Amino acid sequence: MKILVVGGGGREHALCWKLAQSQEVHKIYCAPGNAGTALVAENVRIAADDIDNLVLFADHQNVDLTVVGPERPLLLGIVDAFEARGLRIFGPSREPAMLEGSKAFSKEIMRRAGIPTGDFAVFEDTGKARDYLKAQTFPIVVKADGEAGGKGVVVAQDFAEADSAIRRFMEERIFGASGDKVVIEQCLFGEEASVMAFVDGETVIPMTAVQDHKRALDGDLGPNTGGMGAYAPVPAAPLAVVEEVTRRILRPAVEAVRGTGIPYRGILYAGVMLTDAGPMCLEFNCRFGDPETQVVLPLLTSDLASIFSAAVDAELETVPVKFAHRSALTVVLASGGYPGDYEVGKPITGLDAASKLDAVAVFHAGTRKNDEGQVVTTGGRVLSITATGETFAEARERCYAGVRRIQFEEMQYRTDIGYRAL
Ligand code: GLY
């Protein structure tokens, strides 16, 4: 199979790395990729959201299967465009991808399907939103309806904070049309987990649950980021919890989406809160998580290309999907200042030394090779160092040994990834 992976972060490097292990795959392209994907794939200079050129490329190169990493191309309709050209692609088409693209749509699906989730109300009118807030208890969650680069969710501790979120989202329109609607939602308490599943329109096969660390600093302090590290398995989300999430959250969502007329095919990611009343759905994403993928794929013992292919053909039940009974941990190395302003172009050292360590994989995110052949930083999240082990402690020790081999100016990372597992 010739495969095209769309995207250029740590998630896409992990996808290329895992696909490169498949006997079924003889060529991998990654668009646009990074310095790490170039080690296992051929990078193609096409942006992940340049759908017209991706279609042309896949067609001209006779790509057998395209796999989409980030949500943006999915929300722009990349799957619809590929399918219209008769090209095979793994991911949800535009409408079902609205499970991630519209918080209001997603909550309506949850309500319709009887999925356990926090109480909520949707508003297009600021006055009505504020009147509703006056009758609520705090903290409460205010979400901009559409895409906001991970910054559209505020946990408001009091009326003033919620009011400020409404003003910024709906009146100042800091996220443009994404703030035309807001969802105001009950705040849930407990441990969070990410449960991702392969879906072929009907069959839903969950992966090991993962716990992400969204805050920038140790102890879950500091601003929210795209994710500073993750680990699996999660003691608070053993197999029984994953099965419950599949039965009560993932399958009902897939069935409800099918009821709207277009089947959900691709990765369905449920962000769940493990509350005293059981798992409750916080959100859906329509793609693999980043950095969750860097943890879950090293644990997958089955052939990833065959899984994707079977899902595209609506035959997911015919392929094995197995995970090793091991632990995995990933630590994100970020540029100083991230998630705020940061400098790029910093040379990175120690990449080979780290990747030679036992059971360690160095996944690149914001990297590129400069004209002198040096790997330099290009983004906020730069690398994702993953290790596996028989136990969590072993994976953690190996992972941080890898982290200590690597250096770039102003590198920052969390030293406590997986602390809840201890
Ligand atoms: N790590 C969170 C996400 O991928 O959305």
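Structural notes, computed from the coordinates. (Residues numbered from 1 in each chain as written. Predicted model: local features only at pLDDT ≥ 70, side-chain atom pairs only at ≥ 80, totals over all residues. Heavy atoms only, no water.)

## Some details on the sheet that holds strand E11 (residues 204-206)
The condition that has to hold: When DSSP finds at least two bridges between two strands, those strands are taken to pair. Numbering goes from the N terminus for both helices and strands, where a helix is a DSSP run of H or I of at least four residues and a strand is a run of E of at least two. Axis definition: a line fitted to C-alpha atoms, over the contacting stretch in the case of helices. Angles run 0 to 180 degrees between N-to-C directions.
Pairing in this open sheet of four strands is antiparallel, and the strands run E11-E10-E16-E17 from one edge to the other. Each having just a single partner strand, E11 and strand E17 (278-285) make up the two edges of the open sheet. The mean inter-strand angle of the sheet, taken between neighbouring strand axes irrespective of direction, is 35°. Taken together, the three bridges between strand E10 (residues 191-200) and E11 define a ladder with antiparallel strand orientation. Looking at the pairing, Ala197 lines up with Pro206 of E11.

## Some remarks on the pattern of salt bridges
A side chain of one charge can pair with a side chain of the opposite charge when the charged atoms of the two come close. Rules: Put simply, a salt bridge is a Lys or Arg side-chain nitrogen that is within 4 Å of an Asp or Glu carboxyl oxygen. Note on classification: 1.4 Å probe, protein chains only; a residue is buried when its accessible area is under 20% of the maximum for its type, exposed when over 50%, partly exposed between these limits.
Under the counting rule described, the total for this entry stands at 28 salt bridges. Note that Glu147 is salt-bridged to Arg72, the shortest N-O span being 3.7 Å. A residue pair is termed long-range when its members are at least 10 positions apart, and Glu147 in the loop between strand E7 (140-144) and strand E8 (153-156) and Arg72 in helix H3 (residues 71-76) qualify at 75 residues. A residue is classified by how much of its surface remains accessible, and Glu147, at 35% relative accessible area, is partly exposed. In this structure, Lys143 engages Glu185 in a salt bridge whose closest nitrogen and oxygen atoms are separated by 2.8 Å. Note that Lys143 is positioned in strand E7 and Glu185 in strand E9 (residues 182-186), a separation of 42 residues in sequence.

## A short note on the packing of helix H7 (residues 126-134) against helix H8 (residues 159-171)
Going by this rule: Any angle between 65 and 115 degrees counts as roughly perpendicular, while under 35 counts as roughly parallel, over 145 as roughly antiparallel, and the rest as oblique. Should the near helix be turned anticlockwise from the far one by less than a right angle, the crossing is termed left-handed; should it be turned clockwise, right-handed. Pairs of residues are marked as contacts when any of their non-hydrogen atoms sit within 4.5 Å.
Orientation of H7 relative to H8, taken along the N-to-C sense of each, is 165°, at an axis distance of 11 Å. Viewed along their axes, H7 and H8 adopt a mutual orientation that is roughly antiparallel. Considering how the two elements wind past one another, H7 and H8 form a crossing that is right-handed. Where H7 approaches H8, its residues Thr126, Ala129, Arg130, Leu133 and Lys134 are matched on the opposing element by Phe159, Ala162, Asp163, Ile166, Arg167, Met170 and Glu171.

## Some points on the site of the ligand
Test applied: We call a residue near a molecule or strand whenever a single non-hydrogen atom of that residue lies within 4 Å of it. Polar contacts, as used here, are pairs of N or O atoms within 3.5 Å; protein pairs need one atom able to donate a hydrogen and one able to accept it. Residues neighboring in sequence count only if both atoms are side-chain atoms. Basically, the charged four are Asp, Glu, Lys and Arg, the nonpolar ten are Ala, Val, Leu, Ile, Met, Phe, Trp, Tyr, Cys and Pro, and anything else, Gly included, counts as polar.
Within the structure, the ligand sits among Asp212, Gly226, Tyr269, Asn285, Arg287, Gly289, Asp290, Pro291 and Glu292. One of the side-chain N or O atoms of Asp212 is found 2.7 Å from a nitrogen atom in the ligand. Gly226 is positioned such that a nitrogen or oxygen atom in its backbone is 3.4 Å from a nitrogen atom of the ligand. A class-by-class count of the residues in the shell around the ligand yields two nonpolar, three polar and four charged.

## Observations regarding helix H2 (residues 51-60)
How we decide: Within this analysis, the arc is defined by the directions that extend from the helix axis to the C-beta atoms.
Among the residues making up H2, those that are buried are Ile51, Leu54, Val55, Phe57 and Ala58. Mapping the buried residues of H2 onto a view down its axis gives an arc of 165°, with all of them on the same face. Along H2, exposed side chains directed more than 90 degrees from the buried face belong to Asp52 and His60. Looking at the buried positions of H2, the neighbouring elements they touch are strand E1 (2-7), strand E2 (27-32), strand E4 (65-68), H3 and helix H4 (78-84).

## Focus on the sheet that holds E7
Ordered in space as E6-E9-E7-E8, the four strands form an open sheet in which the pairing is antiparallel. Either end of the sheet is taken by a strand with one partner, and the two such strands are strand E6 (120-123) and E8. On average, each strand axis in the sheet is tilted by 20° relative to the strand beside it, whichever way the strands run. Two elements, E7 and E9, share five bridges in a ladder whose sense is antiparallel. If you follow Ala144 over to E9, its bridge partner there is Val182. Contacts from helix H6 (residues 103-113) reach E6, E7, E8 and E9 within the one sheet, and its direction differs from that of E6 by about 140°.

## So, H8
We apply this condition: Take the residue count of a helix, subtract one, and multiply by 1.5 Å to get its expected span.
With 13 residues, H8 should cover 18 Å at 1.5 Å per step; its first-to-last C-alpha distance of 17 Å lies within 8% of that length. All of the buried residues along H8 are Ala162, Ser164, Ala165, Ile166, Phe169 and Met170. Those residues of H8 that are buried lie in contact with E6, H7, E7, E8 and E9.

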